[in-house]
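So you can see what is in the structure, the chains are spelled out below.
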Amino acid sequence: MHVMIIGGGTGGMALAHGLKRSGVSVAVYERYGSRSDGLYGYRVGIDPTGNRALKECLPPELFETFVATCARTPRHFNILTQRLHTTASFEMRNDTDDVDSERSVSRSTLRQVLFTDMDDVVQFGKVFTRYEQNPDGTVTAFFADGTSATGDVLVAADGTRSAVRRQFLPHAEIADTGVTAIATKTALTAQTRALLDDHVRNGLSLIFGTKGMIGMLHVMEFRSDAYNARDFINLSVWSSHEHFPAGTDKQRGAELIDTALRATANWHPKLRKLIELSDPDAAFALRIATSTPVDPWPTTAITLLGDAIHTMTPGQGVGANTALRDAALLRHQLAAAARGEKPLLKAIGDYEAEMLPYGAARVAESLDNNGTSGKDPLYKPVTGRLTLFAARSFFSVTSKVPALRKKFLDGLYAYRGTDEVLEAASETL
Ligand SMILES: Cc1cc2nc3c(=O)[nH]c(=O)nc-3n(C[C@H](O)[C@H](O)[C@H](O)COP(=O)(O)OP(=O)(O)OC[C@H]3O[C@@H](n4cnc5c(N)ncnc54)[C@H](O)[C@@H]3O)c2cc1C
């Protein structure tokens, strides 16, 4: 059996490692020309679901590299006002377990780790354009450079704007949530460190600003300088599109930094200083998108994983974790088919029957957060003030009442995989 994966992102590469470990022939086709192209080093939070899937798929020594290249685990989850007043602070668990912990990883570092020892599997500079299904059940993928490749399975792991999905499930739509986000990245230096109080520097902080402007601040301090990791601060701000000039998502560099500064004109000078000192080349803006639910389809040799089938807002920070969960599950199913334990189409069908409901659930939960839709009352002039007061009060009360605090923290560390499936998978490896 030969598996072709379109897209060498988080989910595609985890699947490729898992299949390689199971002895299944696999090839990854990635549009970018090299392992470091086209990426910004923003923080991705890998939770117990993602950790477990990575542990399943990666060779043990590469999983160790992943753990070693993560940033220090945040010790506090803070709720701040735009004037840097702390309205709530939750102490997070200590990072003592490889799996049952929340890890902060730079997306570009994770990508480097995932490309390690995969030269025989990954082909760079391959822009997928279309596929054809052949009478013998195989699939042929065509690329922009005029080449093609044929295999028994085609996996769409090509992200939100998936070209495979556009051909395979043309009715599966991606909706604009009405929210624009700007992400900035600032080097952690003596000067920028001095701008942050200890609990902010050692934590991740959600900033509920007035006038419908929300922010998130993460500090990434690495334990080693492997893969050229340099400590940095991520400060992102977001609001409904109307709060930013038209075309903000196309802006880059100094122009974008200037837009972020104008959007945060009433924020504390220390926060604005971080934006001012940020690296213009690393700033980017996004219109936040979300998948619309799609009904099950007749199973074929083409399937999808990650953002290609369930793009979600960053509201809960579970997009990459869900892509990793898909990868572990699909690897388990395809490896079972390769061993002759079930027919290939049954294996793909079993994967899709499990993945579609949990994918749709994560998409819905990710939309159901303060401020993840442009229509949220938070962004309206009058209701905005009341909603802001309610949001700040919710976190303040939750942080002070032990039972509510525990429930909130348990939710952060919830494992969202099906233990039985992954445990069965590890037994058969
Ligand atoms: C600012 C931000 C913060 C986030 N924070 C978190 C977080 O804290 N936790 C979390 O779990 N998730 C987070 N996410 C979401 C997470 O990054 C994505 O859900 C995850 O990367 C999806 O993985 P994927 O493998 O499906 O797609 P991707 O990682 O996007 O990979 C898709 C790959 O396909 C390639 N590709 C695309 N088109 C083609 C083509 N035609 N031919 C060949 N290759 C192609 C791309 O180059 C890319 O390498 C965040 C996202 C953003 C934007």
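Procedures and definitions
Residues numbered from 1 in each chain as written. Predicted model: local features only at pLDDT ≥ 70, side-chain atom pairs only at ≥ 80, totals over all residues. Helix = DSSP H or I, 4+ residues; strand = E, 2+ residues; numbered from the N terminus. Buried ≥ 20, exposed ≤ 12 C-beta atoms within 10 Å, placed from the backbone. Contact = placed C-beta atoms within 7 Å. Domains from an automatic or database assignment. Nonpolar A, V, L, I, M, F, W, Y, C, P; charged D, E, K, R; others polar. Near = placed C-beta within 6 Å. Pairing = 2+ DSSP bridges. Axes fitted to C-alpha atoms, helices over the stretch in contact; angles between N-to-C directions. Core = buried A, V, L, I, M, F, W, Y, C linked by C-beta atoms within 7 Å. Parallel < 35°, antiparallel > 145°, perpendicular 65-115°, else oblique. Left-handed = near helix turned anticlockwise from the far one by under 90°.

Draft legend 1. Quick peek at the overall build of the chain. Helix and strand counts for the chain stand at 15 helices and 17 strands. Along the three orthogonal principal directions, the C-alpha set of the chain runs to about 65 × 45 × 40 Å. Expressed as a percentage of its 429 residues, the buried residues of the chain come to 45%. Counted over contacts in the chain with a minimum sequence separation of 6, partners at least 24 positions apart contribute 73%.

Draft legend 2. Focus on the domain arrangement of the chain. The domain architecture assigned to the chain consists of domain 1 (2-72 + 100-174 + 297-370) and domain 2 (176-289 + 371-409). Of all the secondary structure elements, the ones that give two or more residues to the side of domain 1 that touches domain 2 are strand S6 (103-106), helix H4 (107-114) and helix H12 (344-367). Looking at the side of domain 1 that touches domain 2 residue by residue, the class counts come to six nonpolar, 13 polar and two charged.

Draft legend 3. Spotlight on the site of the ligand. The ligand sits among 33 residues. The nearest are Gly7, Gly9, Gly159, Gly306 and Gly319. For the shell around the ligand, the element with the highest residue contribution is helix H11 (residues 319-338), accounting for four residues. Among the residues making up the shell around the ligand, the classes are represented as 16 nonpolar, twelve polar and five charged.

Draft legend 4. How the structure looks around the sheet that holds strand S17 (residues 302-304). On the basis of which strands lie adjacent, the open sheet formed by five strands has the order S7-S2-S1-S11-S17 and parallel pairing. Of all strands in the sheet, those bounded by a partner on one side alone are strand S7 (122-124) and S17. Within this sheet the neighbouring strands show an average axis-to-axis angle of 20°, counted without direction. Examined bridge by bridge, strand S2 (residues 25-30) and S7 share three bridges and lie parallel to one another.

Draft legend 5. View of the sheet that holds strand S8 (residues 128-133). If you trace the three strands from one edge of the open sheet to the other, you get S8-S9-S10, paired in antiparallel fashion. Each edge of the open sheet is held by one strand with a lone partner, namely S8 and strand S10 (148-151). Pairwise comparison of adjacent strand axes, ignoring direction, gives a mean angle of 20° for this sheet. In this structure, S8 lies alongside strand S9 (residues 139-143), joined through five bridges in antiparallel fashion. Residue pairing across strands places Gln133 opposite Val139, the latter belonging to S9.

Draft legend 6. Up close: helix H2 (residues 48-57). Counting buried positions along H2 gives nine out of ten residues, so the element sits mostly inside the fold. Those residues of H2 that fall on the buried side of the exposure criterion are Pro48, Thr49, Gly50, Asn51, Arg52, Ala53, Leu54, Glu56 and Cys57.

Draft legend 7. Region of interest: the environment of His243. For His243, the position within the fold is in the loop between strand S15 (232-240) and helix H8 (253-263). Overall, His243 belongs to the partly exposed group, with 17 C-beta atoms counted inside 10 Å. Placed 30 residues apart in sequence, His243 and Met213 show a C-alpha to C-alpha distance of 8.0 Å. Not counting residues within four places of it along the chain, the set of residues in contact with His243 comprises Gly212, Met213 and Ala263.

Draft legend 8. A look at the nonpolar core. Judged by nonpolar contacts, the single largest core of 101 residues is most densely connected at Ile6, Leu15 and Val155. Sort the elements by how many residues they give to this core and H11 lands first, with eleven residues. There are two domains that each give this core at least three residues, and those are domain 1 (2-72 + 100-174 + 297-370) and domain 2 (176-289 + 371-409). Setting aside residues no more than four positions away along its own chain, Ile6 makes contact with Tyr29, Phe128, Ala141, Leu154, Val155, Ala156, Ala157, Asp158 and Val164.

Draft legend 9. Expanded view of the packing of H11 against H12. Interhelical geometry of H11 versus H12 gives an angle of 165° and a closest axis separation of 8 Å. Between H11 and H12, the angle is such that the two are roughly antiparallel. Between H11 and H12 the crossing geometry is right-handed. Listed contacts from H12 to Thr322, Asp326, Leu329, Leu330, Gln333, Leu334, Ala336 and Ala337 of H11 are Leu344, Ala347, Ile348, Asp350, Tyr351, Glu354, Met355, Gly359 and Arg362. In the contact of H11 with H12, the residues fall into ten nonpolar, three polar and four charged.

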